[in-house]
Amino acid sequence: MKNPIENLNKIFDSRIRLGIMSALMVNEEVGFNALKELIGVTDGNLASHLKTLEDSGYVKVQKGFIGRKTNTTYQVTKAGEKAFQLHVDALEQMIKGMK
Amino acid sequence: MDDYQQPIDSIKDIKQMMERSSRFISLSGWSGVAAGVCALAGAWFASDIITKNGGPYGEHISVYRADHADNGLLDLQVFMGSKLFLIAALTFAAAFFLSFFFTWTRSKKTGTPVWGSSSQRLLINVLGPMVAGGLFLLRMIQLGIVGLIAPGCLIFYGLALVNASKYTLGEVRYLGYANILLGIINCWFIGYGLYFWAAGFGVLHIIYGIIMWYKYERQ
């Protein structure tokens, strides 16, 4: 039998990155500050995790302005959606395998 | 043991984050109970006034109507100045304040902002049907179709809840359906509006609140 652990995505090992992806999956876009509040991490920490996701091509950034304040929002990409779905499937397989 | 828990925890995390980011889930059961109690108190005061004015709901309002029979329209200003309207406004204010208070306390506990994108989305979706319904009912009062006010309140409020249920605890949907149903039945029992109103806004809110508290907040 194939071990479903192999299908787990290394990038989603981190709870913070998994949290970011979960929030982006059910919202069209989420702002940096909203993510910070949801996940409860510092600016720097969140930014570095977002960078990892961005470099993997799972999220895309949109930089805009509200007045003079920068407003950065994040969206999930098609590749990100697919990767997330595969990761969740693998998790489900693991849970099923345990029973 | 660790291996056993890890995927389940991950799924739980995912689910929780999806809900927290898309729905306003700090709505407290106590808010429902408080709103229901306010509604019952309001209905009790209103029924007191209606009885003193000698007669059931419909006839009472016709007193106002007779005064303004000259143009066939019920004067909105007279209605707004009436004791019944004052009671309605106070009831709404008290219910709003108390339910806000309990939800605010709960959101402190769960660590979700009361004024975040999820609560804004919830509010916008509640307000749509409510504002439309409010204007519609104001016009009905103006035209003197008073018997349909209570059913109208229930139906529009129910629609607002069904609409909003996508953005908060899903169970709100059933409270909405129940209110719509009561409102529609009430359309064929004009004159008993106050009872239906008390059942919908009072009793249903309290039942809903207790169930929600039992399901989500009981420790």
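Residues numbered from 1 in each chain as written. Chains lettered and ligands numbered in written order. Predicted model: local features only at pLDDT ≥ 70, side-chain atom pairs only at ≥ 80, totals over all residues. Heavy atoms only, no water.

Student: Before we go on, may I ask you to explain the overall build of chain B in this structure?
Tutor: Counting its secondary structure elements, chain B contains 9 helices and 0 strands. Secondary structure of chain B in N-to-C order comes out as α-α-α-α-α-α-α-α-α. Across the 219 residues that make up chain B, the buried fraction comes to 41%. Here the contacts in chain B between residues at least 6 apart in sequence split such that 76% fall between residues at least 24 apart. (Helix = DSSP H or I, 4+ residues; strand = E, 2+ residues; numbered from the N terminus. Buried < 20%, exposed > 50% of the residue type's maximum accessible area, 1.4 Å probe, protein only. Contact = heavy atoms within 4.5 Å.)

Student: Got a minute to help me understand the side chain of Thr103(B) in this structure?
Tutor: All names here are of chain B. Assignment of secondary structure puts Thr103 in helix α5 (residues 83-110). Among the polar contacts listed, one links the side chain of Thr103 to the side chain of Ser31, at a separation of 2.8 Å. Dropping the residues within four chain positions of it, Thr103 is found in contact with Phe24, Ser26, Leu27, Ser28 and Ser31. (Polar contact = N/O pair within 3.5 Å; in protein donor to acceptor, adjacent residues only side chain to side chain.)

Student: What exactly am I supposed to notice about the pairing of strand β2 (residues 59-66) of chain A here?
Tutor: Each regular strand shows side chains that alternate between the opposite faces of the sheet. Residues and elements named next belong to chain A. When β2 meets strand β3 (residues 69-76), the two strands line up antiparallel, connected through 8 bridges. Bridge pairing in β3 places Ile66 opposite Lys69. Counted along the chain from β2 to the antiparallel partner β3, the turn is 2 residues long, and its residue Gly67 has a positive phi close to 65 degrees. (Pairing = 2+ DSSP bridges.)

Student: Could you clarify how one ought to interpret the packing of aromatic side chains in this entry?
Tutor: Working definition: an aromatic ring pair is given by the centre-to-centre distance plus the angle between the planes. Residues and elements named next belong to chain A. For the structure on display, the rule yields 14 aromatic pairs over all chains. Judged by centre distance (6.1 Å) and plane angle (70 degrees), the rings of Phe12 and Phe84 are edge-to-face. Of this pair, Phe12 sits in the segment before α1 (15-25) while Phe84 is found in helix α4 (residues 78-98), placing the two residues 72 residues apart along the sequence. Since its relative accessible area comes to 2%, Phe84 is described here as buried. Considering the side-chain rings of Phe32 and Tyr74, the 6.5 Å spacing of their centres and the 45 degrees angle between planes classify their relative orientation as tilted. Here Tyr74 lies in strand β3 and Phe32 lies in helix α2 (residues 32-39), a separation of 42 residues in the sequence. Per residue, the accessibility class of Phe32 equals that of Tyr74, and both read buried. (Phe/Tyr/Trp six-rings, centres within 6.5 Å; stacked < 30°, edge-to-face > 60°.)

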